[in-house]
Amino acid sequence: MKKRVFAFLLVLVMVLAIPAYGAQPRALQIYPSLSFSGETAICGVRVIGNNTTDEISAVIELWNGNRKLESWSVDGTYYINFSDNASVTQGESYVLKVYVTINDVSKPVVSTSGVCPRD
């Protein structure tokens, strides 16, 4: 009988020691993408909020050095999936910057960069 009580208490302690991962909030996810096809930049952004009620706004900018080539604004609830194209020059470097606001709170800028290859 003592062995059963000890085993039960041991299992109970182990179960209570496991953190409740399902109860923790989901982390904001921002995924920019920049690829090239000839003289076209394919600019993409996926944003996934913390909660299904999150109001998300994103401003996406394509830069060549200190020159802004394109700018897009996108809004959504919980999820944004954006893609658009821009004309670029082969052999030049580009940066795609993403400015995200969730529930009127600005988040740090996320960016990605690449060089348009020469054919």
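Shown above is the structure to which this text applies.
Note that the structure is predicted; figures quoted are calculated from it, not measured.

Novice: Could you clarify how one ought to interpret the environment of W72 in this entry?
Specialist: Within the element layout of this structure, W72 appears in strand β4 (residues 67–77). On the accessibility criterion, W72 (11% relative accessible area) is buried. Residues W72 and L62 lie 10 residues apart in sequence; the distance between their C-alpha atoms is 9.0 Å. In contact with W72, not counting residues within four places along its chain, are C43, A58, V59, I60, L62, F82, D84, N85, A86 and L96. In terms of polar contacts, W72 uses its side chain to reach the side chain of D84, at 3.0 Å.

Novice: For this particular structure, what's the right way to read unusual backbone geometry?
Specialist: Glycine aside, residues mostly have negative phi angles, and peptide bonds mostly take the trans form. Residues other than glycine seldom take positive phi values, yet N103 does so here, at roughly 50°. Position of N103 relative to the elements: it lies in the loop between β6 (93–102) and β7 (105–106). Phi angles above zero are rare outside glycine, and D104 is one such case at about 65°.

Novice: Just to check I follow, could you spell out the pairing of β4 for this structure?
Specialist: Sheet faces and side chains relate simply in a regular strand, where the side chains alternate between the two faces. In this sheet, β4 lies alongside strand β3 (residues 55–64) in antiparallel orientation, the contact comprising 10 bridges. Opposite I56, over in β4, you have G76 as the bridge partner. Linking β3 back to β4 in an antiparallel pair, the connection comprises 2 residues, with G65 at a positive phi of about 65°.

Novice: Help me out: how do you make sense of the packing of aromatic side chains in this one?
Specialist: The description of an aromatic ring pair rests on the distance of the ring centres and on the angle between the ring planes. Taken as a whole, this structure holds 2 aromatic pairs when the rule is applied. Between F36 and Y94 the ring centres are 5.9 Å apart and the planes differ by 50°, which places this aromatic pair in the tilted class. A residue pair is termed long-range when its members are at least 10 positions apart, and F36 in strand β1 (residues 29–37) and Y94 in strand β6 qualify at 58 residues. In this structure, F36 and Y94 share a single accessibility class: buried. Relative to F82, the ring of W72 lies with its centre 5.4 Å away and its plane at 50°, an arrangement referred to as tilted. With W72 in strand β4 and F82 in strand β5 (residues 79–87), this pair connects stretches of sequence that are 10 residues apart. Pair check on accessibility: W72 and F82 agree, each one buried. Lying across the ring of W63, K97 places its NZ or CZ 4.7 Å from the centre.

Basis of the calculations
Residues numbered from 1 in each chain as written. Predicted model: local features only at pLDDT ≥ 70, side-chain atom pairs only at ≥ 80, totals over all residues. Heavy atoms only, no water. Helix = DSSP H or I, 4+ residues; strand = E, 2+ residues; numbered from the N terminus. Buried < 20%, exposed > 50% of the residue type's maximum accessible area, 1.4 Å probe, protein only. Contact = heavy atoms within 4.5 Å. Polar contact = N/O pair within 3.5 Å; in protein donor to acceptor, adjacent residues only side chain to side chain. Pairing = 2+ DSSP bridges. Phe/Tyr/Trp six-rings, centres within 6.5 Å; stacked < 30°, edge-to-face > 60°. Lys NZ or Arg CZ within 6 Å of the ring centre and 35° of its normal.

Any functional reading would require information beyond the geometric quantities listed.
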